[in-house]
Amino acid sequence: MKEFVVIHDYLVSEEIVGDWDGEEETVAEKINEIYHTFYDLAEEDIETEVLEQLLALIWDNWIGQDELPDIDSDDIYDWCRNILENRDQHLQTQDY
């Protein structure tokens, strides 16, 4: 169940994201926006373990992406929706 996952446990700060050539604050904001968007889009009755596994994909998929500072909210929404709609594929890929 979604309510058992505390989204604030996943949020990151500038210090956590590492060196982004002066864009650390922007990168942290974008990662946190992805976490919040994903959590908001997840259905209320999603299994807690599934939601936690999917939230783990955010860091793994995004922290190394050069385009992260420039991604817009529409792209974030689309990515989150895609992961949720195709969760079985993404969970299998990660061997959870």
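Before reading on, note that the structure itself is shown above.
**Student:** How would you explain the side chain of R87 if you had to name every residue and give the values?
**Tutor:** Structurally, R87 can be placed in helix 5 (residues 87-93). A polar contact of 2.6 Å, which involves the side chain of R87, links it to the side chain of E43.

**Student:** Tell me what's going on with the packing of helix 2 (residues 24-41) against helix 3 (residues 48-62), and back it up with residues and numbers.
**Tutor:** Between helix 2 and helix 3, the shortest axis-to-axis distance is 10 Å and the interhelical angle comes to 155°. As the angle between them shows, helix 2 and helix 3 are arranged roughly antiparallel. Seen from above, helix 2 lies across helix 3 with right-handed handedness. Within the contact between the two elements, helix 2 uses I31, I34, Y35, F38 and Y39 and helix 3 uses L51, L54, L55, I58, W59 and W62. For the contact of helix 2 with helix 3, the residue count by class is eleven nonpolar, no polar and no charged.

**Student:** Residue-level account of helix 4 (residues 73-85), with values.
**Tutor:** Owing to its 3.6 residues per turn, the α-helix aligns residues three or four sequence positions apart on the same side. For helix 4, spanning 13 residues, the distance from its first C-alpha to its last is 18 Å, which sits close to the expected 18 Å at 1.5 Å a residue. Taken residue by residue, helix 4 has I76, W79, C80, I83 and L84 as its buried positions. Seen from one end, helix 4 has its buried residues packed into an arc of 130°, which puts them on one side. Facing away from the buried side of helix 4 by more than 90 degrees, the exposed set consists of D74 and E85. A side-chain oxygen of the first residue of helix 4 lies 3.2 Å from the backbone nitrogen of D74; this N-cap is D72.

**Student:** Give me the pattern of salt bridges: which residues, what numbers.
**Tutor:** Summed over the entire model, instances satisfying the criterion amount to three salt bridges. Taking the shortest distance from any N to any O, the salt bridge between K2 and E44 comes out at 3.4 Å. Of the two residues, K2 is situated in the segment before helix 1 (14-17) and E44 in the loop between helix 2 and helix 3; the sequence distance between them amounts to 42 residues. K2 gets classed as buried once you look at its relative accessible area, which sits at 5%. Between R81 and E85 there is a salt bridge, and its shortest N-O distance comes to 3.9 Å. With a gap of four residues between them, R81 and E85 both fall in helix 4, about one helical turn apart.

**Student:** Quick one: what's the story with helix 2, residue by residue and with numbers?
**Tutor:** Compared with the 26 Å implied by 1.5 Å per residue over 18 residues, the 26 Å span of helix 2 between its first and last C-alpha is a close match. If you check which residues of helix 2 are buried, you get E24, V27, A28, K30, I31, N32, I34, Y35, T37, F38, Y39 and L41. On its buried face, helix 2 is in contact with helix 1, helix 3 and helix 4.

**Student:** An account of the side chain of K2 is needed here, citing residue identities and associated values.
**Tutor:** Only 2.7 Å separates the side chain of K2 from the backbone oxygen of Y39, close enough to count as a polar contact. There is a polar contact of 3.0 Å between the side chain of K2 and the backbone oxygen of A42. Beyond its immediate chain neighbours, meaning those up to four positions away, K2 contacts Y39, D40, A42, E43, E44, I46 and L51.

Rules used in this analysis
Residues numbered from 1 in each chain as written. Predicted model: local features only at pLDDT ≥ 70, side-chain atom pairs only at ≥ 80, totals over all residues. Heavy atoms only, no water. Helix = DSSP H or I, 4+ residues; strand = E, 2+ residues; numbered from the N terminus. Polar contact = N/O pair within 3.5 Å; in protein donor to acceptor, adjacent residues only side chain to side chain. Axes fitted to C-alpha atoms, helices over the stretch in contact; angles between N-to-C directions. Parallel < 35°, antiparallel > 145°, perpendicular 65-115°, else oblique. Left-handed = near helix turned anticlockwise from the far one by under 90°. Contact = heavy atoms within 4.5 Å. Nonpolar A, V, L, I, M, F, W, Y, C, P; charged D, E, K, R; others polar. Expected span 1.5 Å × (residues − 1). Buried < 20%, exposed > 50% of the residue type's maximum accessible area, 1.4 Å probe, protein only. Arc of directions from axis to C-beta. Salt bridge = Lys/Arg side-chain N within 4 Å of Asp/Glu carboxyl O.

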